[in-house]
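Reading the structure
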Amino acid sequence: MAWVLLVVAGLLEVGWSIGMKFSEGFTRLWPSLFTGAGIVASMLLLSYAARSLPIGTAYGVWVGIGAAGAAVVGMVVLGEPATAARIFFVCLLLVAVVGLKATSGH
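Residues numbered from 1 in each chain as written. Predicted model: local features only at pLDDT ≥ 70, side-chain atom pairs only at ≥ 80, totals over all residues. Heavy atoms only, no water.

With that out of the way, let us pick up the packing of helix α1 (residues 2-23) against helix α2 (residues 29-49). Where α1 contacts α2, the axes come no closer than 8 Å and their chain directions differ by 155°. One element, α1, and the other, α2, form an angle in the roughly antiparallel class. α1 and α2 meet at a crossing whose hand is left-handed. Within the contact between the two elements, α1 uses Ala2, Leu5, Leu6, Val8, Ala9, Leu12, Glu13, Trp16, Gly19, Met20, Phe22 and Ser23 and α2 uses Pro31, Ser32, Thr35, Gly38, Ile39, Ala41, Ser42, Leu45, Leu46, Tyr48 and Ala49. (Axes fitted to C-alpha atoms, helices over the stretch in contact; angles between N-to-C directions. Helix = DSSP H or I, 4+ residues; strand = E, 2+ residues; numbered from the N terminus. Parallel < 35°, antiparallel > 145°, perpendicular 65-115°, else oblique. Left-handed = near helix turned anticlockwise from the far one by under 90°. Contact = heavy atoms within 4.5 Å.)

And the structure:
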C-alpha cells in the first residue's frame, strides 16, 4: 500500500508543480488554491508512505516521479522543447525511480 500512496503522491507533485505555472506566482485564486491543496495532499501521502519505506527511497521516488512527470507534461502540453537530450534525461530519471524501487527491499 505504501508504494501506491507514494505513486499517487508523485502524481500529485506533477499536478501541483504544473499548477504553480498556472497560478502565476500565486496571484490567481483558483489555480493557487488547487496548487496549495495538491502540495498538502502530496506531502501527506509522502509522509504516510515514508512510515514503512526508507525515507531516501520514498523521497527519491517522489521527486523522480514529480520531476519526470513535470518535464513530460511541459513538453507534451505546455509546448516546452522536446529535444533528444531532454527525453534521454527524463528516461534516466525513470530508470533511477525503478532502481530505487528495485533495491529498496520492500
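Right, picking up where we left off after that structure.
For the rest of this paragraph, the subject is the environment of alanine 9. By the secondary structure assignment, alanine 9 is in helix α1. Classification of alanine 9 as buried rests on a relative accessible area of 0%. When the C-alpha atoms of alanine 9 and tryptophan 62 are compared, they prove to be 6.8 Å apart, with 53 residues separating the residues in sequence. (Buried < 20%, exposed > 50% of the residue type's maximum accessible area, 1.4 Å probe, protein only.)

On to the packing of aromatic side chains, then. Applying the stated criterion across every chain yields a total of 3 aromatic pairs. Taking 5.1 Å as the distance between ring centres and 70° as the angle between the ring planes, the aromatic pair formed by phenylalanine 88 and phenylalanine 89 counts as edge-to-face. Over the ring of tryptophan 3 we find lysine 101, and its NZ or CZ is 4.8 Å from the ring centre. (Phe/Tyr/Trp six-rings, centres within 6.5 Å; stacked < 30°, edge-to-face > 60°. Lys NZ or Arg CZ within 6 Å of the ring centre and 35° of its normal.)

Formed by 14 residues in total, the largest nonpolar core has its most connected members in Leu6, Leu53, Val61 and Trp62. Only α1, α2 and α3 (55-76) provide two or more residues apiece to this core. Counting residues per element, this core draws most heavily on α1, at 5 residues. (Core = buried A, V, L, I, M, F, W, Y, C linked by side-chain atoms within 4.5 Å.)

Under the feature "transmembrane region" (unreviewed entry), the UniProt entry names residues 33-50, 57-78 and 84-103. The span residues 57-78 shows a helical share of 91% and a strand share of 0%, and its end C-alpha atoms are spaced 30 Å apart. (UniProt positions renumbered as here; feature names shortened; annotations may be inferred.)

This part is about the side chain of threonine 57. Within the secondary structure layout, threonine 57 lies in helix α3. Look at threonine 57 and you get buried, because its relative accessible area is 10%. With near-sequence residues (within four places) excluded, threonine 57 lies in contact with Trp3, Leu100 and Ser104.

Now for a nonpolar patch on the surface. Nonpolar side chains collect at one region of the surface, where Leu29, Trp30, Leu33 and Phe34 lie side by side and expose about 510 Å² of accessible area between them. Here tryptophan 30 is to be found in helix α2. The class of tryptophan 30 is exposed, set by a relative accessible area of 57%. (Patch = residues over 30% accessible without salt bridge, like charges linked within 9 Å, V, L, I, M, F, W, Y side chains within 5 Å. Areas by Shrake-Rupley, 256 points an atom, 1.4 Å probe, with all protein chains shown as cover. Salt bridge = Lys/Arg side-chain N within 4 Å of Asp/Glu carboxyl O.)

For α2, spanning 21 residues, the distance from its first C-alpha to its last is 30 Å, which sits close to the expected 30 Å at 1.5 Å a residue. Taken together, the buried positions of α2 are occupied by Pro31, Ser32, Thr35, Gly38, Ser42, Leu45, Leu46 and Ala49. Buried residues of α2, viewed axially, fall in a sector of 165°; they line one side. Exposed positions of α2 whose direction lies more than 90 degrees from the buried face are Leu29 and Trp30. At its buried positions, α2 is contacted by α1 and α3. (Expected span 1.5 Å × (residues − 1). Arc of directions from axis to C-beta.)

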